[in-house]
There are 2 protein chains.
Amino acid sequence: MTFDAARPDGDNDSLKSAISPDGQPTSGERYRVPARCGVAVRLKAQQIIEVQNTHGTQVCDFWAFCEPDTGEFLSMAHTRTSLQSVFPAVGDALVSNIRRPMFEIISDTSPGVHDTLMSCCDSNRYRILGCTEYHDNCTDNLRMALMAIGLKAPAIPDPFNLWMNIPIAADGATSFEPTVSAPSDTIRMKALCDVVAVMSACPQDMNPINGVGCSPTELHFQVID
Amino acid sequence: MTFDAARPDGDNDSLKSAISPDGQPTSGERYRVPARCGVAVRLKAQQIIEVQNTHGTQVCDFWAFCEPDTGEFLSMAHTRTSLQSVFPAVGDALVSNIRRPMFEIISDTSPGVHDTLMSCCDSNRYRILGCTEYHDNCTDNLRMALMAIGLKAPAIPDPFNLWMNIPIAADGATSFEPTVSAPSDTIRMKALCDVVAVMSACPQDMNPINGVGCSPTELHFQVID
């Protein structure tokens, strides 16, 4: 079986969680990303997306594809190279795979601990961790969130993992630690071009990345003109 | 103009540097990656590729695609997640975008300083650095090395940057430092599945990543049964 970026390995309610048939938001309306699911939203250049860590312990895998050419997408490797840092912060631009600025981080009420290093979880990740049945995963959530608004994932870019706490030791070792964010923490990012963004409330419950209770929860977001 | 992973933004001798019409190597033969160029080579599972830093100061961008399905390729983000480290070392497996082990690092005569964080340079990178004309770049070298053996790049994966010295400070800041390798240092990687690998002798001459002289040079490699 050949690799198909668009095809999920299983399914969940991400298929039924679209905010509108085409992902167009109503400005100022509060939307929910259900626990363990993904949701897509379209943004016009200069619109702001505010993502809220509703309960404080939840990681949000975040991706964005340019429109109309979704072959251009947010790239963590190009962003690290541009910023000369692995930790984007307020005032920084996040860039695409052809180095175009796609977002500016304009505010962040959390301590600013976000991850650019880890791949999004997928069905193989959970199989390797010991799961014998299908486990919700961010890769499939990305695929299904796009399907729910009539799009196909053109690729599986590495995500911007909001609130994901991955310390890097001096020898390069990384670890999966609980979030350091608080309930209702928000990050605001201004789109610098037209995009379709996808958020997944990471369903990882086999390490404490979504809190010591290993209980993934919901997230919320809104689009601000 | 839409993004086309396969289409170079310019050209150089990578188009004329194929080791054979289809990239099949002769086992034990020493091949050259010309300075500022890329070369592709096919490996069967269990074959070993030895890459040599001929003059000690040269970074080698390294990619690999599975065969026959090149939609599966070596992924640095999945490798970091698997290893829980940003620095792969001898004994470690490098994995694909679906987490299949593709290579094992079996030896390394250098101090083991390699990079998994930085994107491959591209024409936009040099434009941003101030170039007003086409500059050789690893992304185009990847594309042309594959074209030279009759293939098209299906994607531009983040490379395994052999000998590239990117220290990470405690605050996450990175810097572009000269290699710490010595002339004739070699790294050997055993293929764990059939792949087409590509090496680019990075043409970066606007920072000291290829030595304080900023003079990119050649590399050599061989395939060992």
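Summarised in this report is the structure supplied together with it. (Residues numbered from 1 in each chain as written. Chains lettered and ligands numbered in written order. Predicted model: local features only at pLDDT ≥ 70, side-chain atom pairs only at ≥ 80, totals over all residues. Heavy atoms only, no water.)

**Overview of the relation of the copies chain A and chain B**
Next, step 1: The two copies are related by a screw motion: chain A maps onto chain B through a turn of 180° and a shift of 0.0 Å along the axis, at an RMSD of 0.0 Å. What the rotation and shift describe, once combined, is the action of a two-fold rotation axis.
Next, step 2: Taken as a fraction of all interface residues of chain A, those also at the interface in chain B reach 100%, which identifies the copy contact as same-surface. (Least-squares fit on C-alpha atoms with pLDDT ≥ 70 in both. Contact = heavy atoms within 4.5 Å.)

**Things to note about the sheet that holds strand E5 (residues 93-95) of chain A**
Residues and elements named next belong to chain A.
Next, step 1: Taken in spatial order, the 6 strands line up as E1-E10-E3-E8-E6-E5 in an open sheet, and their pairing is antiparallel. Every interior strand has two partners, whereas the edge strands, strand E1 (31-33) and E5, have only one. Each strand axis lies, on average, 30° off the axis of its neighbour in the sheet, ignoring direction.
Next, step 2: Bridge analysis of strand E3 (residues 48-53) against strand E8 (residues 185-191) gives 6 bridges, and the strand direction is antiparallel. (Pairing = 2+ DSSP bridges. Helix = DSSP H or I, 4+ residues; strand = E, 2+ residues; numbered from the N terminus. Axes fitted to C-alpha atoms, helices over the stretch in contact; angles between N-to-C directions.)

**A closer look at the packing of aromatic side chains**
Pairs of aromatic rings are described using the distance from one ring centre to the other and the angle between the two planes.
Residues and elements named next belong to chain B.
Next, step 1: Overall, the coordinates contain 6 aromatic pairs over all chains when judged by the stated rule.
Next, step 2: Their ring planes at 75° and their centres at 5.5 Å tell us that Phe62 and Phe103 sit as a pair that is edge-to-face. With Phe62 in strand E4 (residues 60-66) and Phe103 in strand E6 (residues 101-108), this pair connects stretches of sequence that are 41 residues apart. (Phe/Tyr/Trp six-rings, centres within 6.5 Å; stacked < 30°, edge-to-face > 60°.)

**Some details on the pairing of E4(B)**
Residues and elements named next belong to chain B.
Next, step 1: When you tally the buried positions in E4, you get 7 out of 7 residues, the bulk of the element.
Next, step 2: Side chains Cys60, Phe62, Ala64 and Cys66 of E4 all project onto a buried face; the interleaved residues Asp61, Trp63 and Phe65 project onto the opposite face, where all are buried too.
Next, step 3: With 3 bridges connecting them, E4 and strand E7 (residues 160-162) associate as antiparallel partners. In the strand pairing of E7, Phe62 is matched with Phe160.
Next, step 4: Sheet topology note: the E4/strand E9 (residues 195-201) ladder contains 7 bridges and is antiparallel. In the strand pairing of E9, Cys66 is matched with Val195. (Buried < 20%, exposed > 50% of the residue type's maximum accessible area, 1.4 Å probe, protein only.)

**Quick notes on unusual backbone geometry**
Next, step 1: Looking along the chain, the bond that leaves A:Glu67 and enters A:Pro68 is cis, with omega of 10°.
Next, step 2: Here A:Pro68 lies in the loop between strand E4 (60-66) and helix H1 (76-83).
Next, step 3: One non-glycine residue, A:Arg99, adopts positive backbone phi at about 70°.
Next, step 4: Mapped onto the elements, A:Arg99 comes out in the loop between E5 and strand E6 (101-108).
Next, step 5: Phi is positive for B:Ser184, which is not a glycine, with a value near 75°.

**Observations concerning the pattern of salt bridges**
Pairs may arise between side chains of opposite charge once their charged atoms sit close together.
Residues and elements named next belong to chain A.
Next, step 1: Inspection of every chain in the model, using the stated rule, returns 20 salt bridges over all chains.
Next, step 2: Residue Arg36 pairs with Asp136 through a salt bridge whose shortest N-O separation is 2.8 Å. Of the two residues, Arg36 is situated in the loop between E1 and strand E2 (38-43) and Asp136 in the loop between helix H2 (123-128) and helix H3 (138-147); the sequence distance between them amounts to 100 residues.
Next, step 3: Note on Asp136: relative accessible area 17%, which makes it buried.
Next, step 4: For Arg100, the salt bridge is made with Glu72, and the minimal N-O distance between the two is 3.0 Å. Placement of the pair is Arg100 in the loop between E5 and E6 and Glu72 in the loop between E4 and H1, with a sequence separation of 28 residues.
Next, step 5: A relative accessible area of 36% means that Arg100 is categorised as partly exposed.
Next, step 6: According to the relative accessible area criterion, Glu72 is buried, its value standing at 6%.
Next, step 7: Linked by salt bridges that have partners in common, Arg36, Asp136 and Asp205 make up one network. (Salt bridge = Lys/Arg side-chain N within 4 Å of Asp/Glu carboxyl O.)

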